[in-house]
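# Architecture and fold: a report
Each chain, letter by letter, is given below.
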Amino acid sequence: INADTFISNSNGDITIDPAGTGAIVLTGPITHAGTQTTTGQMNVDNIRIDANTISSTNTNGGINITPDGTGLITLGGNYVAVTNELSANDVAVNCC
């Protein structure tokens, strides 16, 4: 440990491993650069990312995908499934 910095030797990983059911608790803003790898699920506020699913965690919670300004939402793949109350007529195809 050097002042406020943990330093590893020779490009080594740094492991923080709490005992038993202990958790690593970080408070305040977290700044990250590079690739984030998470094993398992990630919960952020009322959103859960787990495997190939993005879901809400609150009862009857919706998910808003809102681009800024004139930004678009682009869905890739060969097929886009529309379920529940929507029909294919409710979704604009090749709008731009």
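In this text the structure is predicted, and so the values were computed from the model without any measurement.

## Observations regarding the overall build of the protein chain
Counting its regular elements, the protein chain contains zero helices and three strands. Seen in sequence order, the protein chain has helices and strands lined up from the N terminus as β-β-β. For the protein chain, buried positions account for 0% of its 96 residues. Considering only residue pairs separated by 6 or more positions, the protein chain has 3% of its internal contacts joining residues 24 or more positions apart. Accessible area for the protein chain stands at about 9500 Å²; split by element, carbon and sulfur atoms hold 49% of it.

## Digging into the sheet that holds strand β3 (residues 53-56)
If you walk across this open sheet you meet the three strands as β1-β2-β3, and the pairing is antiparallel. Among the strands making up the open sheet, the edge pair consists of β1 (42-44) and β3. Looking at each pair of strands side by side, their axes are set apart by 20 degrees on average, direction ignored. Note that β1 and strand β2 (residues 47-50) share three bridges and pair antiparallel. Among the inter-strand pairings, M42 is bridged to a residue of β2, identified as I49.

## Side note on unusual backbone geometry
With a phi close to 50 degrees, D45 is a non-glycine residue in the positive phi region. As for its position among the elements, D45 is in the loop between β1 and β2. In this structure, N60 is a non-glycine residue whose phi angle is positive, near 55 degrees. Tracing the sequence through the fold places N60 in the segment after β3. You can call N60 exposed: its relative accessible area is 80%.

Reading the values: the criteria
- Residues numbered from 1 in each chain as written.
- Predicted model: local features only at pLDDT ≥ 70, side-chain atom pairs only at ≥ 80, totals over all residues.
- Heavy atoms only, no water.
- Helix = DSSP H or I, 4+ residues; strand = E, 2+ residues; numbered from the N terminus.
- Buried < 20%, exposed > 50% of the residue type's maximum accessible area, 1.4 Å probe, protein only.
- Contact = heavy atoms within 4.5 Å.
- Areas by Shrake-Rupley, 256 points an atom, 1.4 Å probe, with all protein chains shown as cover.
- Pairing = 2+ DSSP bridges.
- Axes fitted to C-alpha atoms, helices over the stretch in contact; angles between N-to-C directions.

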